[in-house]
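What follows is each chain in one-letter form.
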Amino acid sequence: MLRLAVSLLLALPLLAASGCAAVKPWERDVLARPDMAWEPDTLEAKRNSHIRYSKEASLPGGGAGGGGCGCN
Amino acid sequence: MMGRRFRSRRGAAALALATGLLLGTQASAAGVGQKAPEFTAPALDGAKSVSLGAHRGKVVYLDFWASWCPPCLTSLPQLEELRKQFPSDQFQILAVNVDQDPEKARKFLERTKVGYPSATDPKGRIPETFGIETMPTSFLIDRRGVIRYVHHGFRKGDVAPLRERIQKLVATRDK
């Protein structure tokens, strides 16, 4: 009985993990919107990144790319 | 002994389940040398349907695009130029638009006119069948419906090598 309970307990997270679906390349419509970008203003983000790099003497962590369409 | 066997069986079952779940999320992509999957979908302009099979016997360049994808928008005017360089009875460009809101694609095509048909597939059934991995992705299909080349992404310099590939396929007369 205990073994069955443990097995079920192990199987449940696996089943839950199967519910995580990856966004397909053709489904990035909404993610590609400018307001979905990490940094809405690319120029501002690049400038901030440069300042951080100069002041902290370390490599900046974030990128300053476009939206989330993954195609540019 | 029995307990150890039980544990190893359970472990193997869990491993098989996890592998199955992971494999279940992988789509099989249509690749070079394979027959291009057939499809018929409504045309974006509402005129007729767009069908791949209707162009059997011609070399077909099948392009998946969306109005939210900047490289796709770069490619459309250049593909239109490419289309004009080959006889229409030998070469055909077909496009599949995957915008969830087809109106956005229609608005883009009002500004950037192209002479080849575009199907609309907001549910993404056709790209699913082709198993595309990036946007845009294009397939160069020979006269017999076999995929000869898969093009991922699009840059301005891509047209010249593409033209050469199309020329070679158009020159091949076997049907």
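Criteria and cut-off values
- Residues numbered from 1 in each chain as written.
- Chains lettered and ligands numbered in written order.
- Predicted model: local features only at pLDDT ≥ 70, side-chain atom pairs only at ≥ 80, totals over all residues.
- Helix = DSSP H or I, 4+ residues; strand = E, 2+ residues; numbered from the N terminus.
- Buried ≥ 20, exposed ≤ 12 C-beta atoms within 10 Å, placed from the backbone.
- Contact = placed C-beta atoms within 7 Å.
- pLDDT = per-residue confidence, 0-100.
- Expected span 1.5 Å × (residues − 1).
- Pairing = 2+ DSSP bridges.
- Axes fitted to C-alpha atoms, helices over the stretch in contact; angles between N-to-C directions.

Peer 1: I tried to follow the overall build of chain B on my own but got confused; where do I start?
Peer 2: In terms of helices and strands, chain B carries 5 helices and 7 strands. In chain B, which comprises 175 residues, the proportion classed as buried is 29%. Partitioning the intrachain contacts of chain B with sequence separation of at least 6 by distance along the chain shows that 70% fall at a separation of at least 24.

Peer 1: What am I meant to see in the confidence of the model for chain A here?
Peer 2: Of the residues in chain A, 79% have a pLDDT of 70 or more, and the chain-wide mean is 76. The model gives residues 64-68 of chain A a pLDDT under 50, and that stretch makes 19 contacts with residues more than four places away or in other chains.

Peer 1: Just checking my understanding: could you explain helix α2 (residues 42-56) of chain A for this structure?
Peer 2: For an α-helix, 3.6 residues make a turn, and residues three or four places apart therefore share a direction. Residues and elements named next belong to chain A. With 15 residues, α2 ought to run about 21 Å at 1.5 Å a step, and its terminal C-alpha atoms sit 21 Å apart, in line with that. Here α2 lies mainly on the outside; 0 of its 15 residues are buried. Following α2 by one or two positions, Ala57 adopts a phi angle in the positive range, close to 55 degrees.

Peer 1: Just checking my understanding: could you explain helix α1 (residues 2-17) of chain A for this structure?
Peer 2: With 16 residues, α1 of chain A extends 23 Å between its outermost C-alpha atoms, agreeing within 8% with the 22 Å of an ideal straight helix rising 1.5 Å per residue. Little of α1 of chain A is tucked away: 0 of the 16 residues are buried.

Peer 1: Before we go on, may I ask you to explain the sheet that holds strand β4 (residues 91-97) of chain B in this structure?
Peer 2: Backbone hydrogen bonds hold the strands of a sheet together, and the pairing may be parallel or antiparallel. Residue and element names in this part refer to chain B. Across the sheet, 5 strands lie side by side as β5-β4-β3-β6-β7; this open sheet has mixed pairing. Both outer strands of the open sheet, β5 (118-120) and β7 (147-152), are each paired with one neighbouring strand and no more. When strand polarity is set aside, the average angle formed by the axes of neighbouring strands in this sheet is 20 degrees. Running at roughly 160 degrees to strand β3 (residues 59-65), helix α2 (residues 70-84) makes contact with β3 and β4 of the sheet.

Peer 1: Explain the environment of Ala47 of chain B to me, please; I cannot follow it from the model alone.
Peer 2: All names here are of chain B. Considering the arrangement of structural elements, one finds Ala47 in the loop between β1 (40-42) and β2 (49-51). For Ala47, a count of 9 C-beta atoms within 10 Å translates into the label exposed. Separated by 59 residues in sequence, Ala47 and Arg106 place their C-alpha atoms 13 Å apart.

Peer 1: How do you make sense of the pairing of β7 of chain B when you look at a structure like this?
Peer 2: A regular strand carries its side chains on alternate faces of the sheet. Residue and element names in this part refer to chain B. Summarising the sheet, strand β6 (residues 137-141) and β7 pair through 5 bridges and their orientation is antiparallel. In the sheet register, Ile141 faces β7, and the bridge partner there is Ile147. The antiparallel pairing of β6 with β7 creates a hairpin that spans 5 residues between the two strands, and Gly145 there sits at a positive phi of about 85 degrees.

Peer 1: How should the confidence of the model for chain B be read in this particular structure?
Peer 2: Detail in the predicted coordinates should be disregarded across regions flagged by low pLDDT. For chain B, per-residue confidence averages 87 on the pLDDT scale, and residues scoring 70 or more make up 83% of the total. Note on the complex model: pTM 0.74, ipTM 0.73.

Peer 1: What am I meant to see in the environment of Leu82 of chain B here?
Peer 2: Residue and element names in this part refer to chain B. Take Leu82: it is sitting in helix α2. For the pair Leu82 and Val32, spaced 50 residues apart in sequence, the C-alpha to C-alpha distance is 22 Å. Among all residues touching Leu82, those that are not within four sequence positions of it are Val159, Leu162 and Arg163.

Peer 1: I'm lost on the pairing of β6 of chain B in this one. Help?
Peer 2: Residues and elements named next belong to chain B. Most of β6 sits out of view: 5 of its 5 residues are buried. Going residue by residue along β6, you find Thr137, Phe139 and Ile141 tucked away on one face and Ser138 and Leu140 tucked away on the opposite face as well. In this sheet, β6 lies alongside β3 in antiparallel orientation, the contact comprising 5 bridges. The residue of β6 that forms the bridge with Val60 is Ile141.

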